[in-house]
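The lines below spell out each chain.
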Amino acid sequence: MRPVIPYVTAALLFGLGVYGVLRRRNAVLVLMAVELMLNAVNLILITADTTAKSMFPHGGQVFALFVIVLAAAEIGVGLAIVLQLYRMRASVAVDEVPLTEETPATAPVPAGTVAAGTAPTGPAPAGTDREGAR
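Quick caveat, the model's predicted, so the values are computed rather than measured. (Residues numbered from 1 in each chain as written. Predicted model: local features only at pLDDT ≥ 70, side-chain atom pairs only at ≥ 80, totals over all residues. Heavy atoms only, no water.)

S.K.: Could you clarify how one ought to interpret the side chain of Glu35 in this entry?
M.R.: Its place among the elements puts Glu35 in helix α2 (residues 27-51). With residues up to four places along the chain from it excluded, the contact list for Glu35 reads Ala71, Glu74 and Ile75. (Helix = DSSP H or I, 4+ residues; strand = E, 2+ residues; numbered from the N terminus. Contact = heavy atoms within 4.5 Å.)

Okay, structure coming up:
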């Protein structure tokens, strides 16, 4: 058997998946693109198993089964994250996902106020002592 056609098909599937991951903004479509990439890997594993005999019989099929299990787990966890994101933000756009959580210490301080744990700067107002009561 000539393995050129399955390898080219797998390369096209993988390239389409990479394009989908890099260009899509919708999280569900990104997960579908990842699935395309995993299916391309499965196609390569099965084709390699049928064309190149190794010491481990049906090794490509076994690895493809592991990839299928990994894909099922990825979809389960990924869709749970996407659903929670939709409940919190009412959008599944990947660009709008905050990658860091703002804490009170890093939150912007309004002008004219002093953040907790910092000493005021500039001249002290008349009649006040920065050192506190003695």
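Structure shown, so let's carry the discussion forward.
S.K.: Can you walk me through the environment of Glu35 in this structure?
M.R.: We classify Glu35 as buried; its relative accessible area is 18%. Separated by 33 residues in sequence, Glu35 and Ile68 have C-alpha atoms that sit 9.6 Å apart. (Buried < 20%, exposed > 50% of the residue type's maximum accessible area, 1.4 Å probe, protein only.)

S.K.: Looking at this structure, I do not really get α2. What am I missing?
M.R.: Residues lying three or four places apart along an α-helix face the same way, a consequence of the helix completing one turn every 3.6 residues. Between the first and last C-alpha of α2 there are 37 Å, a value that for 25 residues agrees with the 36 Å anticipated at 1.5 Å per step. Structurally, α2 contributes buried residues whose contacts are with α1 (4-23) and α3 (59-89). The opening residue of α2 is Asn26, an N-cap whose side-chain oxygen sits 3.2 Å from the backbone nitrogen of Val28. (Expected span 1.5 Å × (residues − 1). Polar contact = N/O pair within 3.5 Å; in protein donor to acceptor, adjacent residues only side chain to side chain.)

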